[in-house]
Amino acid sequence: MLIEKRFLVFPICRTGEETLVTFMVGGKLVYDLNMRLATKEADFYAFVDMSRFHGQEVTISAADGIFPAIRQTDDWDDRAPLCPETRPLLHFAPRNGWNNDPNGLVYANGTYHMFFQHNPCDVMWGNMHWGHATSTDLVHWQEQETALFPDELGVMFSGSAMVDERNLLGLKQGDTDVILLFYTAEPISQLAKGRETTQCLAYSTDNGKTFVKYPGNPIVPTIVNGNRDPKVFWDDASQRYVMALYLDTDRYAILHSIDLLHWDMVQELHLDGDNECPDLWLTTADDGQKKAVIGGAHGLYQVGDLVNGRFVPTQPMRHLYLNEYCYAHQTYSGIPARTVQVTWHRANVEGAAYSQELSFPCELSLHRQGDAYQLRILPARELDSLIERWSSVEDPQADAISLPVSLPCLIRLQPREDARLTLNLGNQSLLYDAKTQTITAQEVCYALPADASSSDMLLMVDRNTLKLHLCGGAALLALPMRWTGDAELTLSTEAGKMLPALEIARLKSVQE
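Since the structure is predicted, the reported quantities are computational estimates derived from the model, not experimental observations.

A. Representation of the sheet that holds strand 6 (residues 71–73) in the model. Ordered by their spatial adjacency, three strands build an open sheet running 4-1-6, and the pairing between neighbours is antiparallel. Across the chains shown, the open sheet's two edge strands, defined by having one partner strand only, are strand 4 (44–49) and strand 6. Averaged over all pairs of adjacent strands, the angle between strand axes in this sheet comes to 40°, irrespective of strand direction. One ladder, built from three bridges, connects strand 1 (residues 7–12) with strand 6; its direction is antiparallel. Bridging across to strand 6, Leu-8 finds its partner in Gln-72.

B. Up close: the layout of surface pockets. What the largest pocket holds in volume is close to 1,100 Å³. Contributing to the lining of the largest pocket are 38 residues, with Phe-233, Trp-234, Leu-282, Gly-334 and Ile-335 lying nearest its centre. Sorting the residues of the lining of the largest pocket by element identifies strand 7 (97–108), strand 11 (155–163), strand 15 (228–235), strand 19 (279–284), strand 20 (290–295), strand 21 (300–307), strand 25 (339–345) and strand 28 (362–369) as the ones contributing at least two each. Here the lining of the largest pocket is composed, by residue class, of 20 nonpolar, eight polar and 10 charged.

C. A look at unusual backbone geometry. For the bond running from Asn-217 to Pro-218, omega is 0°, close enough to zero to count as cis. The omega torsion across Leu-407 and Pro-408 is -10°, close enough to zero to call that bond cis. Here Pro-408 lies in the loop between strand 31 (400–405) and strand 32 (409–414). Not every positive phi belongs to a glycine, and Cys-277 is a case in point at roughly 40°. Along the chain, Cys-277 falls in the loop between strand 18 (264–270) and strand 19.

D. Up close: the side chain of Arg-36. Relative to the elements of secondary structure, Arg-36 occurs in the loop between strand 3 (28–35) and strand 4. With relative accessibility at 9%, the residue Arg-36 sits in the buried group. Polar contacts involving the side chain of Arg-36 include one to the side chain of Asp-122, which spans 2.7 Å.

About the cut-offs
Residues numbered from 1 in each chain as written. Predicted model: local features only at pLDDT ≥ 70, side-chain atom pairs only at ≥ 80, totals over all residues. Heavy atoms only, no water. Pairing = 2+ DSSP bridges. Helix = DSSP H or I, 4+ residues; strand = E, 2+ residues; numbered from the N terminus. Axes fitted to C-alpha atoms, helices over the stretch in contact; angles between N-to-C directions. 1 Å grid on protein atoms, 1.4 Å probe; cavity = no way out; pocket = protein on both sides within 12 Å on 5 of 7 lines; lining within 4 Å. Points joined across faces, edges and corners; volume = space filled by probe spheres on them. Nonpolar A, V, L, I, M, F, W, Y, C, P; charged D, E, K, R; others polar. Buried < 20%, exposed > 50% of the residue type's maximum accessible area, 1.4 Å probe, protein only. Polar contact = N/O pair within 3.5 Å; in protein donor to acceptor, adjacent residues only side chain to side chain.

Structure (structure tokens):
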């Protein structure tokens, strides 16, 4: 087949058997994907970007020998409906396919970039590419072309991004700073068969429109097979670049470089109870102290100091997330004076041609609590631009209240010290008990931070996700929601007790 247009469109069956689809140019394997091809009526369609093979003759075949009719197109069409009635109203989801971990979060040349693990061929994990979306306000996102494709080193696993402000690699053209992507090549494809897991580099000289893989890849050879998810940043105090890298079990590594191309492992860390997707960042706490924070994919974190580019813990691991609906968080590089984070929401969307979503950006702040420090997480301040109005709901005589809720919205509660509240919203029922410092959801009881200085709750409500910022942001509980229209909120307390102050803010949809 002569590739003349951007996409090849493959019909997909949700319940079909997976088969290996190979792409050959001049008798050489150049690309392979696992697909559940539909031989009869398609459940949805996969749009596979073939623009890098434009003008070439590509031989496409399926391992099972059964191959449906495929077509070419230059743009999304009615085979990939946007389905606005099912999409999240506050959060980002790709138009087609599966997404998981946020990758390469960077503010560069006036644009926020958000990359993510993406399977363009299915609504299940696999075929990892780096999808790409951009924003000018951290609120409204525009999906861009695929940034990184699988190659002979492997499929594209997670990683991070930064701007080469010093033009250390000498790639800068004009006034546009070069964006660097650090990623893991995982050899689980046919094209990469027989290799080991390595860390690689790609760069963009046109502010993220196109990316070129560094010809000297990999830049970090295998330490242990499966090592992955590099997080890279510049440490001004030690005048070197620092990479946090996951090894295996609960082991992480710290590597150093002065040129971004040659890296030395200088430290091994154990993050008890955590694994995957390291995030390491520097921040100034509310007492003016400069601290380092490290964590893995599960929402645990440890506070310490970065001494000569090595992490020195100063307190035990703590939990920020109460469950694992949010997973694989990453903080932005390039945003001065604050820490902005995005996570993967494990939001399965039934019947759609896409699955999962990425969180609305949140801000992390570090607060002194006695002899230790505590992280707090709240929606990024840019959310204020979506607030239409706040409305107070108060009835001092009532121990229960019921009212309609329009999506998307924020709900603010200020429970009293002895509060025992039941909140029903959509298909979720929550029990908050101030005396036992617990919250119960889906028959699971979660312990709240005992040393939290606030009992305030902020609830963010969207079609697929209910997100609770508890104890003034000292803990986060996120839960799946399933609704397409508006719903009813009921709040009750024990007989004879007063309800807490309740405020609701209607939000504009990012789809508007």
